[in-house]
Amino acid sequence: MMTKYLVLFTIGSVIGSFCQVIAIRGLRAATLTTEPSHCDYCGNRLAWFELVPLVSYLVLQGKCRHCRNKIPLAGLFAEVAGGCVALYYREPSTDLLLLLIGFLLLIMSLCDWRELAVPNYLLGATAFTISAFFNGQQPLYHLAFTHFYCMVMLPKMAGVQQVAGRSGP
């Protein structure tokens, strides 16, 4: 039984690490497929053993192996949070949309943490996934989705932004 939870947490940590990559590269419009993982400070490509979630951070004591600069805590947070999301939705076959919503919310949180902004494509993907999940559910869920759409999506689509106390197009 404990092995199942360890495997789920490990898989969730790997997905959480990938969520961090999506958040960082999505904010600066970089590609996900052609650019290998590298240190943000010195640019050196990371070896396979530096990509193991949680373990590599602890073994390297939170520093790059090449330049010894600190690895941002957001990466560790993303890996732990990803593992927790996977543990919370223990049955991926029945909770697949909920699991996807959890990871989309994690990506949105990481973007917001880093830049105080969430890209429109993430808001749209989350709104679509929530809509797919709540299709056929109780009316209260539709009300929650409608509130999310009206309060978050419509202003974003209209180009209205509120970042760090400033508002405007």
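Residues numbered from 1 in each chain as written. Predicted model: local features only at pLDDT ≥ 70, side-chain atom pairs only at ≥ 80, totals over all residues. Heavy atoms only, no water.

Enquirer: Explain the overall build of the chain here, please?
Expert: Check the secondary structure of the chain and you find six helices and two strands. In the chain, the order of α-helices and β-strands from amino to carboxyl end is α-α-α-α-α-α-β-β. In the chain, buried positions account for 31% of the 169 residues. Sequence separation of 24 or more characterises 53% of the internal contacts of the chain that already satisfy a separation of 6 or more. (Helix = DSSP H or I, 4+ residues; strand = E, 2+ residues; numbered from the N terminus. Buried < 20%, exposed > 50% of the residue type's maximum accessible area, 1.4 Å probe, protein only. Contact = heavy atoms within 4.5 Å.)

Enquirer: Explanation requested: the layout of surface pockets in the structure shown.
Expert: Take a probe with the size of a water molecule and roll it over the atoms, and the empty space left behind shows itself. Its volume calculated, the largest pocket comes out at about 840 Å³. Around the largest pocket, the lining comprises 35 residues; the ones closest to its centre are Ser17, Val21, His38, Leu46 and Leu51. Of all the secondary structure elements, the ones that give two or more residues to the lining of the largest pocket are α1 (2-27), α2 (55-59) and α3 (73-88). It is α1 that provides the largest number of residues to the lining of the largest pocket, a total of seven residues. Residue composition of the lining of the largest pocket, grouped by class: 20 nonpolar, seven polar and eight charged. (1 Å grid on protein atoms, 1.4 Å probe; cavity = no way out; pocket = protein on both sides within 12 Å on 5 of 7 lines; lining within 4 Å. Points joined across faces, edges and corners; volume = space filled by probe spheres on them. Nonpolar A, V, L, I, M, F, W, Y, C, P; charged D, E, K, R; others polar.)

Enquirer: Before we go on, may I ask you to explain the pattern of salt bridges in this structure?
Expert: Should their charged atoms come close, side chains of opposite charge can pair. Taken as a whole, this structure holds one salt bridge when the rule is applied. Ionic pairing is found between glutamate 50 and arginine 65, a salt bridge with its closest N-O pair at 3.1 Å. In this pair, glutamate 50 sits in the loop between α1 and α2 while arginine 65 sits in the loop between α2 and α3, placing the two residues 15 residues apart along the sequence. Judged by its relative accessible area of 8%, glutamate 50 falls in the buried class. (Salt bridge = Lys/Arg side-chain N within 4 Å of Asp/Glu carboxyl O.)

Enquirer: Would you take a moment to explain the side chain of arginine 25 for this structure?
Expert: Its location among the elements puts arginine 25 in helix α1. Overall, the relative accessible area of 6% leaves arginine 25 in the buried class.

Enquirer: Please explain the packing of aromatic side chains as it appears in this structure.
Expert: Ring pairs (aromatic) are described by centroid distance and by the angle formed between their planes. Under the counting rule described, the total for this entry stands at two aromatic pairs. Both rings, one in tryptophan 48 and one in phenylalanine 49, keep their centres 5.8 Å apart while their planes meet at 90°; by these two values the pair is edge-to-face. According to the relative accessible area criterion, phenylalanine 49 is partly exposed, its value standing at 39%. Centroid distance phenylalanine 77 to tryptophan 113: 5.2 Å. Interplanar angle 85°. Geometry classified as edge-to-face. Placement of the pair is phenylalanine 77 in helix α3 and tryptophan 113 in helix α4 (residues 96-115), with a sequence separation of 36 residues. Under the relative-accessibility criterion, phenylalanine 77 is labelled partly exposed at 38%. Assessed through its relative accessible area of 48%, tryptophan 113 is described here as partly exposed. (Phe/Tyr/Trp six-rings, centres within 6.5 Å; stacked < 30°, edge-to-face > 60°.)

Enquirer: Can you help me understand the confidence of the model for the chain in this one?
Expert: Note: predicted coordinates in regions of low pLDDT should not be interpreted at a detailed level. Residues at a pLDDT of 70 or more form 73% of the chain, whose mean pLDDT is 78. When mean pLDDT is compared element by element in the chain, α2 scores highest at 91, while strand β2 (residues 166-168) scores lowest at 45. Within the model, pLDDT remains below 50 along residues 162-169, and this stretch shows ten contacts once partners closer than five positions in the same chain are excluded. (pLDDT = per-residue confidence, 0-100.)

Enquirer: So what exactly am I meant to see when it comes to α3 here?
Expert: Given 3.6 residues to a turn, an α-helix orients residues that are three or four positions apart in the same direction. Between the first and last C-alpha of α3 there are 22 Å, a value that for 16 residues agrees with the 22 Å anticipated at 1.5 Å per step. Listed in full, the buried residues belonging to α3 are Ala74, Gly75, Ala78, Glu79, Ala81, Gly82, Gly83, Val85 and Ala86. (Expected span 1.5 Å × (residues − 1).)

Enquirer: Hey, could you run me through a nonpolar patch on the surface in this one?
Expert: On the surface, Trp48, Phe49, Val52, Val55 and Val59 cluster together into a nonpolar patch covering about 530 Å² of accessible area. Locating phenylalanine 49 in the fold gives a position in the loop between α1 and α2. (Patch = residues over 30% accessible without salt bridge, like charges linked within 9 Å, V, L, I, M, F, W, Y side chains within 5 Å. Areas by Shrake-Rupley, 256 points an atom, 1.4 Å probe, with all protein chains shown as cover.)

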